[in-house]
Amino acid sequence: MNVQWYPGHMTKAKRQMQEDIKLIDLIIELVDARVPLSSRNPDIDELGKNKARLILLNKADLADERQNEAWKNFFQAKGFFVVKVDSRSGAGMKAIQAAISEACKEKTERDRKRGIKNRPIRAMVVGIPNVGKSTFINTFAGKACAKTGNRPGVTKGKQWIKLNKSVELLDTPGILWPKFEDQEVGMRLAYVGSIKDDILNMEELSLNLIDFLRQYYPGVLERRYQISEEGKPVEVLEAIARARGCLKKGEELDYAKASGILFDDFRSGKIGRITLEWVKE
Ligand code: G4P
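Below you will find a few notes about this structure.

Rules of the game
Residues numbered from 1 in each chain as written. Predicted model: local features only at pLDDT ≥ 70, side-chain atom pairs only at ≥ 80, totals over all residues. Heavy atoms only, no water. Near = heavy atom within 4 Å. Polar contact = N/O pair within 3.5 Å; in protein donor to acceptor, adjacent residues only side chain to side chain. Areas by Shrake-Rupley, 256 points an atom, 1.4 Å probe, with all protein chains shown as cover. Helix = DSSP H or I, 4+ residues; strand = E, 2+ residues; numbered from the N terminus. Nonpolar A, V, L, I, M, F, W, Y, C, P; charged D, E, K, R; others polar. Axes fitted to C-alpha atoms, helices over the stretch in contact; angles between N-to-C directions. Parallel < 35°, antiparallel > 145°, perpendicular 65-115°, else oblique. Contact = heavy atoms within 4.5 Å.

### A look at the site of the ligand
By nearness alone, 15 residues border the ligand, and Asp61, Ser87, Lys133, Ser134 and Thr135 come closest of all. One of the side-chain nitrogen or oxygen atoms of lysine 59 is found 3.0 Å away from an oxygen atom of the ligand. Contacts to the ligand include aspartate 61, whose side-chain N or O atom sits 2.8 Å from a nitrogen atom. Summarising the interface, the protein chains cover 67% of the accessible area of the ligand, which totals 710 Å² for the free molecule. Per-element accounting of the shell around the ligand gives the leading share, three residues, to helix H6 (residues 133-141). In terms of residue class, the shell around the ligand is made up of four nonpolar, six polar and five charged.

### Some points on the packing of helix H8 (residues 202-216) against helix H10 (residues 233-243)
Angle between the axes and distance between the axes are the two parameters that describe a pair of packed helices. Viewed as axis vectors pointing N to C, H8 and H10 meet at an angle of 100 degrees, and their least axial separation amounts to 9 Å. The orientation of H8 relative to H10 falls into the category roughly perpendicular. Contact residues: Ser206, Leu207, Ile210, Asp211 and Arg214 in H8; Pro233, Val234, Val236, Leu237 and Ile240 in H10. Its residues assigned to classes, the contact of H8 with H10 shows seven nonpolar, one polar and two charged.

Laid out in structure tokens, this is it:
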């Protein structure tokens, strides 16, 4: 988790992805349902052109269900197949199989016309760090799945997980690099915990989060901490600090600790199911 990216990393990841994409029919791209745009890297659209595309709105359990639906429609309108999933609990896994068949229908049809039968669909999972790729592969593939060996000449050095008769998954996910150039993107990834906390000013971020929550999800802070949401964001943080007994020596309020609590509660869904990026209507 929390991989630090440098230009060298990105070049290497991109080259690896270009190689792997040659081997597959379908790209299964994971995005974080709470920040579906910031957790994507649109470079994958160029890298994966001519491939079947499936987007998984992962961590859907932590995101607002109305927004999950809105994002599903948004990506479907752009031509992607979309499934909402919770890779930790396994919710949504059944729907994926149907989506894979649907997304690869053309390929299967082409094979059939050429008289090729039972050639499995090959897929790979891609996404930015911490979006849930390993969790998804473990849950989706399960423990019962046998790994197939190398395919001589074709996929040297690659391991495939045989999901069933018709689908094989590359066992190592492709890592996409976040779009750090955009500061807003960096901030949103920090909110959801996909960027190292210690390089950021968490107290300042928590004030932004408070502002957002009050505007888009009024009442959630009040309910969680039994505080008033009125006043400046810093006053709300102060109220959270008081409510949770965050004190330094000498009765001084510990804002850093209060922001830590706020972020833990937000990231684990204790404040509620919250989506930070809303579909523009
Ligand atoms: P990566 O391979 O893409 O880097 O991500 P990874 O699977 O390691 O998942 C990153 C974190 O996100 C993990 O939490 C994982 O449990 C959590 N996660 C993945 N998918 C989902 C999901 O659909 N819903 C929820 N709520 N969480 C999900 P962690 O705190 O790093 O580890 P752990 O506490 O789960 O062990």
